[in-house]
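Listed below are the residues making up each chain.
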Amino acid sequence: MTATNERFLSLDIFRGLTICFMIIVNSAGWGAPSYAPLDHAAWFGFTPTDLVFPSFLFAVGNALSFSKTKYTSDAAFLSKVFKRTLIIFLLGYLMYWFPFFHRTADGSWAFNPISHTRILGVLQRIALCYCIAALLIHYMQGKGLIAISIAFLLGYWALLYLFGEPGQELTRLGNAGTKLDVLLLGNDHLYHEGGGPVAFDPEGILSTLPAVVNVIGGYLAGIFIQQKGKSFETIARLLIAAAVLLFIALFWAQFFPLAKKLWTSTFVLLTVGLDLVILSLLIYAIEIKHWKRGTGFFLVFGKNPLAIYLLSELLFVTFLMIMVQPHTSFYQWVNQFFFQKLLPGPLGSLAFAVSFMLLCWLVGYWLHKRKIYIKI
């Protein structure tokens, strides 16, 4: 069965699921630690939360496979890609700069200087990975994309060990990616976890290279699904590919550990494999068994993914900035006097995160009902 250019609901639901859980894991409540599966691995290892961001990149690749835009020339194509890349990158940069002012120790407000603004980040990585993947997809065929993906993964492995500090190639400060980021961007423009002096950017320049493979993986999966259609053969072959990738990832991890913050090549293979499993289950449930109950909820996120994600980040920062008492933000107050009173501990933290996600969903639902879809 051939289904070229047919839109699959399961792919929209996959993207919606990703945004939904991305908001939940990014907005844990105050006053108690999160449940371990809802937090990133400290360094090496893997948790369900580590799957969220690479799944979004996989969904970006899916969307590229369904793009029906016909360009009159290479110049028109390049103009569109670079314009979209620039907009997404600038949105991410402004998001980290927001709210442009901060409260000082004496309670007054001071301007956040550009000289200390983080340059890279989540949206910036999405922009760069989209740009590189879109160019590769436009100028290369399927086998070429697989070959370049292998080159990226092996090349990244080699670069970390060739240019990292001897004996500390996979550490926070000794890896080649951190050295490159400090050299090109400067310490003040990198991510400082907890606001401390140590700079390490999990969305750094070098680790963007393997992250591109997550996008290419999503694209190749989308093309395959369109060509083969809604069938058990499609699901079986996707699951076989997933099994192969998972086996390679876990075997290779004995020599090149899984690490989301370094975005190791084994991490890429593992996450693409898991995404293929999830996508296969969604195709079976939605496209073959026609189980549609509850899909409308996630479709709201899937229709406006970037807009709702950006809203969630800006709204969360706003909650942190609104002071309801001296030295107590609205975010702290609502957790301390409601969620932690009602559900003490990690459950209260999760309850806040889910409530915050539902608040963002309501905005998305309002947009969806009015058929407002914000596209870049």
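As the structure is a computational prediction, the values presented were derived from the model and not from experiment. (Residues numbered from 1 in each chain as written. Predicted model: local features only at pLDDT ≥ 70, side-chain atom pairs only at ≥ 80, totals over all residues. Heavy atoms only, no water.)

**Things to note about the domain arrangement of the chain**
Segmenting the chain into domains produces domain 1 (1-34 + 297-368) and domain 2 (40-99 + 114-290). One C-alpha centre belongs to domain 1, the other to domain 2; they are set 22 Å apart. Opposite the 29 residues of domain 1 that make contact, domain 2 presents 31 residues. Carbon and sulfur atoms make up 77% of the area that domain 1 and domain 2 hide from each other, which totals about 2800 Å². (Domains from an automatic or database assignment. Contact = heavy atoms within 4.5 Å. Buried area = accessible area lost by both parts, 1.4 Å probe.)

**Notes on the side chain of Ser-27**
Inspection of the secondary structure puts Ser-27 in the loop between α1 (9-26) and α2 (52-65). Polar contacts involving the side chain of Ser-27 include one to the main-chain carbonyl oxygen of Ile-23, which spans 2.5 Å. For Ser-27, the residues in contact, after removing those within four places along its chain, are Phe-316, Phe-352, Ala-353 and Phe-356. (Helix = DSSP H or I, 4+ residues; strand = E, 2+ residues; numbered from the N terminus. Polar contact = N/O pair within 3.5 Å; in protein donor to acceptor, adjacent residues only side chain to side chain.)

**Thoughts on the packing of helix α3 (residues 74-97) against helix α11 (residues 305-321)**
It is at 11 Å that the axes of α3 and α11 come closest, and there the two elements cross at 15°. On the basis of their axis angle, the class for α3 and α11 is roughly parallel. The two elements α3 and α11 cross, and the hand of that crossing is left-handed. Residue-level contacts link Ile-88, Leu-91 and Met-95 of α3 to Leu-306, Tyr-309, Leu-310, Glu-313 and Leu-314 of α11. Looking at side-chain class alone, the contact of α3 with α11 contains 7 nonpolar, no polar and 1 charged residues. (Axes fitted to C-alpha atoms, helices over the stretch in contact; angles between N-to-C directions. Parallel < 35°, antiparallel > 145°, perpendicular 65-115°, else oblique. Left-handed = near helix turned anticlockwise from the far one by under 90°. Nonpolar A, V, L, I, M, F, W, Y, C, P; charged D, E, K, R; others polar.)

**Description of a nonpolar patch on the surface**
A cluster of nonpolar residues, Ile-240, Val-244, Phe-247, Ile-248, Phe-251 and Phe-255, forms a patch on the protein surface that exposes about 640 Å² of accessible area. The topology assignment puts Phe-247 in helix α8 (residues 232-252). Judged by relative accessible area, Phe-247 falls into the exposed class, the value being 59%. (Patch = residues over 30% accessible without salt bridge, like charges linked within 9 Å, V, L, I, M, F, W, Y side chains within 5 Å. Areas by Shrake-Rupley, 256 points an atom, 1.4 Å probe, with all protein chains shown as cover. Salt bridge = Lys/Arg side-chain N within 4 Å of Asp/Glu carboxyl O. Buried < 20%, exposed > 50% of the residue type's maximum accessible area, 1.4 Å probe, protein only.)

**A word on unusual backbone geometry**
The phi dihedral of His-290 falls on the positive side, at around 60°, and the residue is not glycine. The exposed category is assigned to His-290, whose relative accessible area is 52%. With phi around 55°, Lys-371 is a residue other than glycine that occupies positive phi space. By secondary structure assignment, the location of Lys-371 is in the segment after α13 (346-369). By relative accessible area, which is 66% here, Lys-371 ends up exposed.

**What about helix α6 (residues 176-185)?**
Three or more residues of α6 are buried, namely Ala-176, Gly-177, Thr-178, Asp-181 and Leu-185. Packing partners of the buried residues in α6 comprise α5 (142-163). Among the residues trailing α6, Gly-186 stands out with phi positive, at a value near 90°.

**Remarks on the pattern of salt bridges**
Overall, the coordinates contain 7 salt bridges when judged by the stated rule. The residue Glu-287 makes a salt bridge to Lys-230 at a minimum N-O spacing of 3.5 Å. Here the residue Glu-287 occupies a position in helix α9 (residues 265-288), and Lys-230 occupies one in the loop between α7 (208-228) and α8, the gap between them amounting to 57 residues. By relative accessible area, Glu-287 is classed as buried at 9%. With a shortest N-O distance of 3.3 Å, Glu-233 and Arg-237 are connected by a salt bridge. With a gap of 4 residues between them, Glu-233 and Arg-237 both fall in helix α8, about one helical turn apart. Each of Arg-118, Asp-201, Glu-203 and Lys-260 takes part in a single network of salt bridges with overlapping partners.

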